[in-house]
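This is what each chain is made of:
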Amino acid sequence: MKKDSIKTIDLKNLTIKSAHSALIGGDYTVRELCEAYLSEIKKKDGDIHAYLEVYDDVLKQADEAQKKVSSKNMLAGIPMAIKDNILIEGRRAGSASKILEGYIAPYDATVIKKLKKAGVVFIGRTNMDEFAMGSSTENSAYGVTKNPHDMGRVAGGSSGGSAAAVGGGLVLAGLGSDTGGSVRQPASYCGIVGLKPTYGSISRHGLMAMGSSLDVIGPLTKTVTDAEILFNCMKGKDRYDSTSIDVDIKDSSSKILGVPRHFLKGDGIDSAVMKSFERSIEKFKSLGYQIRDIELPNIEYSLAVYYILMPAEASTNLSRFDGVKYGLHREGKNLLEDYLLTRAFGFGREARRRIMLGTYVLSSGYYDAYYNKATAVRELLKSDFARAFQTVDAILTPTAPAVAFKIGEKMADPVSMYLEDIFTVTANLVGVPAISIPAGSKDIGSKQLPIGFQIIASHGREDILFALGKQFLNES
Amino acid sequence: MISKEEIVKLASLSRLKLSEEEIVRFQGEMGSILAYVDKLKTATSDNNDTKNEPVSPSNKNVMREDVNPHESGIYTDKLIKAAPRHDNRYIKVKKIL
């Protein structure tokens, strides 16, 4: 074969599992696999804009990874895209924010360390809403990522770049972070699988913090099997994240699935999404599962709780960006003006909005009415879920209330954008794992826009999510 | 409704410089967000009256002992280099007093 010709690989149907078999069988090399993706990126990413940067040493990484390819090593040579808020030593990382212009990561995130050891090839860093604040990547300082299924629509967010890269065939798997739905909602919009693991099951060390009691890193993949492979590689207690925990692998034998019907009656839910959701329920019935209507009495408060606690934590976390320690510096007359100018210029509108909101709910006089009240209702939500999981093994809801919306449609009204998270935030507040599974699509004109649904299980029961998801998608 | 003066005060507490136009916009946007989260006021439960009772959240900070986390100095150069203004092993800031 000539050196500059690209080997034809069926990237569309490729999974981590099938690529692994092909690499072991010698059907192609890691270099050839990476070349195939780089060629796709060259062709398509000018339009999609999933990547903020495609690394210039991909083929060098590929040759190194080739040495690790073996039947025991599932992830050796697998090309992945990494959200711009996860640190890889020596490379740019910026959370798609101007305030981190020029910042080079001084160390590897724990997940990156684990993936490197497994022989993963990092293709590039992906676009996102600035500091993971948003549901569309429109809050990126570097332009919006488009949905590979319809270029006029958003890819979702905040992990929209990783989702569009996987859904658009520009990489085999991606990493995102999920604070209120930022892995699951873009997965749903891009027609792929997105896992938000149990809080603490994957180390947050090296993930830029947004809402520290909510944040978790999660994989974006084409299959549930692939999500499971990545979860198993990345999970575990880490000495650099004091909130991290070990999750034991259990044997799943779930039979009863709960549906909170009382929460699915609002007129804000697209009828195509509900129809698809009902079909998914029917499918589980036909697979032998019992479906039970459940009550989650406080779930209607979830989003309000979330939009108090998250900004409170975010405003605290973002106080470290002051023009002194990292990235951007704007020169003022004195130190205070350095802060004011650097932060005003460096943070985009949504980041500033959340900093202001967080400062408000934490300020004296409002603290009790907002922060304390939200913390109390969060406890109620936890007991709602604990009670529900006494009678059901998993809970089903849609992932998002509608399909991907048009670029610009929700930018003028922050509350309408926040409502995107209505079904996803609760899992973060409670700390339980949840997964978005693709389940059909809605036809709009000539475009087919993907629809996903969500499975939620109790703490540490990712095994239930994997078992149900695999059965639903007929993965062996 | 949140007042213009409150927005100006919050911006100052948040260390953000806002333009006149942004002050007006944030006033409207924060007003509508706060109106939405106000629904929380109606949340109560029989066995846990969250209106008055302080709660002890089940989420707790997990601290480590503040002793020798790693060999002293091994990260210093890398971290100093990340600062936009630095000089050898010092981060440069304007004088405070």
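Residues numbered from 1 in each chain as written. Chains lettered and ligands numbered in written order. Predicted model: local features only at pLDDT ≥ 70, side-chain atom pairs only at ≥ 80, totals over all residues.

Our focus in this paragraph is the overall build of chain B. Summing up its helical and strand segments, chain B has 3 helices and 2 strands in all. Starting at the N terminus, the α and β elements of chain B follow one another as α-α-α-β-β. Per-residue burial over chain B gives 15% buried out of 97 residues. (Helix = DSSP H or I, 4+ residues; strand = E, 2+ residues; numbered from the N terminus. Buried ≥ 20, exposed ≤ 12 C-beta atoms within 10 Å, placed from the backbone.)

All names here are of chain A. Core analysis: the biggest nonpolar cluster contains 163 residues, and M80, V121, V171, V305, I308, A394 and I455 have the highest contact counts within it. With 10 residues, helix α9 (residues 302–317) is the largest single contributor of residues to this core. Ignoring anything within four residues of it in the chain, the contact list for V121 reads V30, C34, V58, Q61, A62, A65, G77, I78 and P79. (Core = buried A, V, L, I, M, F, W, Y, C linked by C-beta atoms within 7 Å. Contact = placed C-beta atoms within 7 Å.)

So, on to the pairing of strand β10 (residues 290–293) of chain A. Residues and elements named next belong to chain A. In this sheet, β10 lies alongside strand β9 (residues 256–259) in parallel orientation, the contact comprising 4 bridges. Paired with L257 across the two strands is I291, which belongs to β10. Following the chain from β9 across helix α8 (residues 271–286) to the adjacent parallel β10, one finds a crossover that is right-handed. (Pairing = 2+ DSSP bridges. Right-handed = clockwise from strand over helix to strand, strands pointing away.)

Before going further, it helps to examine the interface of chain B and chain A. Each side of the interface is counted separately: chain B has 39 residues, and chain A has 47 residues. Looking at the side of chain B that touches chain A, the elements that each hand over two or more residues are α1 (4–13), α2 (20–37) and α3 (76–82) of chain B. Sort the elements by how many residues they give to the side of chain B that touches chain A and α2 of chain B lands first, with 7 residues. Residue classes in the side of chain B that touches chain A are distributed as 24 nonpolar, 7 polar and 8 charged. (Nonpolar A, V, L, I, M, F, W, Y, C, P; charged D, E, K, R; others polar.)

Close contact between helix α11 (residues 349–362) of chain A and α2 of chain B brings their axes to 11 Å; oriented N to C, the two are set at 60 degrees. Overall, the two elements α11 of chain A and α2 of chain B adopt an arrangement that is oblique. For the element pair α11 of chain A and α2 of chain B, the recorded crossing hand is right-handed. When α11 of chain A is examined against α2 of chain B, the residues R353, M356 and L357 of chain A are found in contact with a partner set consisting of F26, E29, M30 and I33 of chain B. Residue composition of the contact of α11 of chain A with α2 of chain B, by class: 5 nonpolar, no polar and 2 charged. (Axes fitted to C-alpha atoms, helices over the stretch in contact; angles between N-to-C directions. Parallel < 35°, antiparallel > 145°, perpendicular 65-115°, else oblique. Left-handed = near helix turned anticlockwise from the far one by under 90°.)

This part covers the sheet that holds strand β11 (residues 394–398) of chain A. Residue and element names in this part refer to chain A. The sheet built from 11 strands is open, its strands ordered β1-β3-β2-β6-β8-β7-β12-β13-β11-β9-β10 with mixed pairing. Taken across any chain shown, the strands that pair with only one partner, and hence form the sheet edges, are β1 (51–54) and β10. Ignoring which end each strand starts from, the neighbouring axes of this sheet average 30 degrees apart. Two strands pair when backbone bridges link them, and β11 and strand β13 (residues 447–456) are joined in this way by 4 bridges, in the antiparallel orientation. Bridge pairing links P398 to F453 in β13.

Turning our eyes to something else, we now look at unusual backbone geometry. Of note, the bond from G157 of chain A into S158 of chain A is cis; its omega dihedral lies within 30 degrees of zero at 10 degrees. Along the chain, S158 of chain A falls in the loop between β5 (150–154) and α5 (160–167). Unlike most non-glycine residues, S95 of chain A shows phi in positive territory, near 50 degrees. Note on S95 of chain A: 28 C-beta atoms within 10 Å, which makes it buried. The backbone of N88 of chain B shows a phi angle near 50 degrees, a positive value even though the residue is not glycine. In this fold, N88 of chain B is placed in the loop between β1 (86–87) and β2 (90–91). Taking the number of C-beta atoms within 10 Å as the measure of exposure, N88 of chain B has 6 and is therefore exposed.

With that out of the way, let us pick up helix α2 (residues 30–48) of chain A. The principal kink in α2 of chain A, of about 45 degrees, is found at K42 of chain A. Residues V30, L33, C34, E35, A36, Y37, L38, I41, D45 and I48 of chain A constitute the buried set of α2 of chain A. (Bend = angle between axes of the 7 residues up to and from the residue.)

Residues and elements named next belong to chain B. A residue-level look at chain B finds 87% of positions with pLDDT of 70 or above and a mean pLDDT of 85. Model confidence for chain B, summarised as mean pLDDT per element, is weakest for α3 at 91 and strongest for α1 at 95. Between residues 46–53, whose pLDDT stays under 50, and residues either more than four places distant or in other chains, the model counts 10 contacts. Taken together, the chains of this predicted complex give a pTM of 0.95 and an interface ipTM of 0.89. (pLDDT = per-residue confidence, 0-100.)

The subject of this paragraph is the environment of V361 of chain A. Residues and elements named next belong to chain A. Tracing the sequence through the fold places V361 in helix α11. Residue class for V361 comes out buried when judged on the 22 C-beta atoms lying within 10 Å of it. With 138 residues separating them along the chain, V361 and T223 place their C-alpha atoms 40 Å apart. Those residues in contact with V361 that lie beyond four places of it in its chain are I308, P311, A312, Y366, Y370 and Y371.

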